[in-house]
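Chain by chain, the residues run as shown.
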Amino acid sequence: METGSAGFDALKKALFTRLDAGTTGTLFVATDDNHAAQIVLFKGQLLGLAYAGTSNADALSALMHLKTLRFSFTPELVYPLADTLLPDQSQRLLQGIGYRPQPKQAEAQPQPAPEPEPAEAAPRSKTLRVYRGQVISGSL
């Protein structure tokens with residue numbers, strides 16, 4: 001679990017880093033007056049956020065105006081939310097706070113394995129077949 005304490009800019013940086021890394025988990029946030037917020041990520045996508053009875057855009061707007069935030073990230077924990085975002089809603093919300101997805105580096109395309117040369121058909125050998133402890137004759 002990673003933790004931090006700072007203003008909204010540090011929280012944004014931590015959020016953007018996790019989005020770019022494609023992580024799944026929940027960013028738990030606590031305010032000076034000890035209210036809790038949850039920012040939920042799934043495979044690098046924002047699923048939603050909740051804070052003080054509000055969700056998503058309203059919750060984000062409220063968090064932006066707070067001076068000190070304490071936060072920690074718990075990987076692989078998808079906190080249940082009352083209201084989740086669709087992918088396009090998520091992108092619009094993140095773009096509103098300055099998020100620009102990092103271009104993914106071109107992964108080296110694996111070269112297909114060369115096809116094996118056709119081998120001559122191996123002569124069929126007799127297989128020893130056993131049934132209930134008795135050897136049976138015959139081929140497959």
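For clarity, every value in this text was computed on a predicted model and none was experimentally measured. (Residues numbered from 1 in each chain as written. Predicted model: local features only at pLDDT ≥ 70, side-chain atom pairs only at ≥ 80, totals over all residues. Heavy atoms only, no water.)

(A) Region of interest: the environment of Thr31. Along the polypeptide, Thr31 turns up in strand β2 (residues 25–31). Polar contacts involving the side chain of Thr31 include one to the side chain of Asp33, which spans 2.3 Å. (Helix = DSSP H or I, 4+ residues; strand = E, 2+ residues; numbered from the N terminus. Polar contact = N/O pair within 3.5 Å; in protein donor to acceptor, adjacent residues only side chain to side chain.)

(B) Structural detail: the pattern of salt bridges. Taken as a whole and judged by the stated rule, the model has two salt bridges. Among the ionic pairs, Lys12 bridges to Asp9, the shortest N-O distance being 3.9 Å. Note that Lys12 and Asp9 are positioned in helix α1 (residues 8–21) at a spacing of three residues, about one turn of the helix. With its nearest N and O atoms 3.0 Å apart, the salt bridge here joins Asp88 to Arg92. Highlighted residues: Asp88 and Arg92, both in helix α3 (residues 87–96), separated by four residues, approximately one helical turn. (Salt bridge = Lys/Arg side-chain N within 4 Å of Asp/Glu carboxyl O.)

(C) Quick peek at the pairing of strand β3 (residues 36–42). Within β3, five of the seven residues are buried, which leaves the element mostly enclosed by the surrounding structure. Note: β2 against β3, six bridges, orientation antiparallel. By the bridge assignment for β3, Val29 is matched with Ala37. A loop of four residues connects β2 with β3, the two strands running antiparallel in sequence, and Asn34 in this loop sits at a positive phi of about 65 degrees. Joining the antiparallel neighbours β3 and strand β4 (residues 45–51) is a turn of two residues, in which Lys43 adopts a positive phi near 50 degrees. (Buried < 20%, exposed > 50% of the residue type's maximum accessible area, 1.4 Å probe, protein only. Pairing = 2+ DSSP bridges.)

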